[in-house]
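Fold and contact review
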Amino acid sequence: MPATEYMLKRSNINSSVDARGRVVLRGVNYFSLTKTFDCGQCFRFENVDGGEYDERVRGIAFGRLVEFARSGDEFYVIGSTLEEYKSIWRHFLGLDVNYPKMCEGILGDNEAFAVIPSAEECSRGIRILAQDPFETLISFIISQNNNIPRIKGIIERLCQAVGERRIGFDGSEYYSFPSAEAILSGGIDMLKDIGTGFRAKYIIDACERVFARRIDFDYIRDCEETSECVRHLCEIYGVGVKVASCVLLFSFEKFDAYPEDVWIKKVHAKYFSEDFDPASLGGYRGLVQQWLFFYERYLGGGE
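First, a word on what this report is: a plain description of the structure on this page. In this text the structure is predicted, and so the values were computed from the model without any measurement.

1. Some words on the pairing of strand E2 (residues 23-26)
Judged from the four bridges that link them, strand E1 (residues 14-17) and E2 form a sheet pairing that is antiparallel. Looking across to E2, one finds that Val17 is bridged to Val23. Where E1 folds back on E2, the antiparallel hairpin that results is connected by five residues, among which Gly21 adopts a positive phi of roughly 85°. With four bridges joining them, E2 and strand E6 (residues 74-78) adopt antiparallel strand pairing. Each residue of the ladder has a partner; that of Leu25, found in E6, is Phe75.

2. Looking at the environment of Leu107
The residue Leu107 is located in helix H3 (residues 99-109) in this model. Along the backbone, Leu107 and Cys39 are 68 residues apart, and their C-alpha atoms lie at a distance of 20 Å. Ignoring sequence-local partners within four residues, the contact set of Leu107 consists of Ile116, Pro117, Glu120 and Trp291.

3. Structural notes on the sheet that holds strand E3 (residues 45-47)
Read across the open sheet, the six strands follow the order E1-E2-E6-E5-E4-E3; overall the sheet is antiparallel. The two strands at the open ends of the sheet, each matched to only one other strand, are E1 and E3. Here the average twist between neighbouring strands, direction ignored, is 20°. By the bridge criterion, seven bridges tie strand E4 (residues 55-61) to strand E5 (residues 64-71) in an arrangement that is antiparallel.

4. Side note on the environment of Gly51
Secondary-structure assignment places Gly51 in the loop between E3 and E4. Accessibility expressed as a relative area gives 60% for Gly51, which makes it exposed.

5. What about the side chain of Arg199?
Relative to the elements of secondary structure, Arg199 occurs in the loop between helix H7 (180-193) and helix H8 (200-211). On the accessibility criterion, Arg199 (5% relative accessible area) is buried. A polar contact is formed between the side chain of Arg199 and the backbone oxygen of Asn145, at a distance of 3.2 Å. Those residues in contact with Arg199 that lie beyond four places of it in its chain are Ile141, Ile142, Gln144, Asn145, Asn146 and Arg150.

6. Overview of helix H13 (residues 285-299)
Over its 15 residues, H13 extends 20 Å from the first C-alpha to the last, a length consistent with the 21 Å expected when each residue adds 1.5 Å. Most of H13 sits inside the fold, with 13 of its 15 residues counted as buried.

7. Some words on the pattern of salt bridges
Applying the stated criterion to the full structure yields 22 salt bridges. With its nearest N and O atoms 3.0 Å apart, the salt bridge here joins Glu52 to Arg20. Residue Glu52 is found in the loop between E3 and E4, and its partner Arg20 is found in the loop between E1 and E2; the two are separated by 32 residues along the sequence. With its nearest N and O atoms 2.4 Å apart, the salt bridge here joins Arg165 to Glu173. Its relative accessible area of 44% is what places Glu173 among the partly exposed residues. The network of salt bridges with shared partners includes Asp18, Arg20, Arg22 and Glu52.

8. Here we look at the pairing of E6
Counted residue by residue, E6 has four buried out of five residues, so it is predominantly covered. With five bridges joining them, E5 and E6 adopt antiparallel strand pairing. Considered in E6, the bridge of Glu67 is made with Ile78. Hairpin connection of E5 to E6: two residues between the antiparallel strands, including Gly72 at a positive phi of 60°.

Criteria and cut-off values
Residues numbered from 1 in each chain as written. Predicted model: local features only at pLDDT ≥ 70, side-chain atom pairs only at ≥ 80, totals over all residues. Heavy atoms only, no water. Pairing = 2+ DSSP bridges. Helix = DSSP H or I, 4+ residues; strand = E, 2+ residues; numbered from the N terminus. Contact = heavy atoms within 4.5 Å. Axes fitted to C-alpha atoms, helices over the stretch in contact; angles between N-to-C directions. Buried < 20%, exposed > 50% of the residue type's maximum accessible area, 1.4 Å probe, protein only. Polar contact = N/O pair within 3.5 Å; in protein donor to acceptor, adjacent residues only side chain to side chain. Expected span 1.5 Å × (residues − 1). Salt bridge = Lys/Arg side-chain N within 4 Å of Asp/Glu carboxyl O.

Structure (structure tokens):
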């Protein structure tokens with residue numbers, strides 16, 4: 001289920017470009033950069049020294065180096081034109097979704113679960129990013145039985161090995177995320193050399209299927225049945241329901257996708273009954289999953 005009910009019919013965010021070339025946004029609310037980019041949904045962004053800003057992250061998406069920052073009521077997109085903001089970053093950041101209204105609806109629908117308001121309060125400001133589907137697929141295959149620092153390292157080595165070298169808005173060098181064809185040209189030995197281990201064969205199968213359109217992202221985007229999208233992605237060797245659900249939530253905005261990892265299983269055991277069914281959390285349970293993950297990881301004794 002996409003966030004159709006809460007999509008803004010027209011943007012209530014004012015955008016302009018200042019004298020320093022930054023895209024300046026006013027009217028952005030319910031958005032914590034720190035939480036959004038540190039809740040396990042993407043791997044090529046880092047929190048950086050805020051300096052003049054309250055929050056600041058820097059990273060690479062859609063082949064571009066970009067920074068997002070916030071200072072008081074103003075939100076900044078640095079290294080982007082206004083046109084790129086409107087065509088790429090507005091949707092990537094979920095700024096076309098009315099998050100306050102959506103979260104209000106989720107809380108109203110889940111009054112029976114005492115942990116949900118606490119999790120939302122702790123996680124307030126997390127938004128679901130709309131990432132590139134192929135990058136998300138490969139990243140979450142790499143994430144299997146792995147920790148976040150190591151995942152980020154493998155992805156960066158993959159980009160340096162077969163991605164395109166580019167120069168960013170500030171003159172720094174970076175590498176784009178490679179295409180399926182580029183990864184296949186590197187081969188399984190390259191994947192093993194950069195540390196993917198047993199996941200190398202899964203990545204090769206995913207790339208072959210995507211390249212041949214046997215995994216069809218347009219089909220997934222248009223499909224209204226999330227369970228069918230899960231089934232389609234699980235045709236890839238080594239991809240299970242958890243990885244498929246991550247791809248659907250973090251790149252296709254299918255908010256009823258509900259990835260279950262060790263953290264979420266811990267949450268279920270700790271806060272819910274034995275017969276708990278995640279479907280009872282409603283059609284936007286993917287966002288609830290992010291609240292619960294963040295809450296347990298940072299307040300529940302997680303690392």
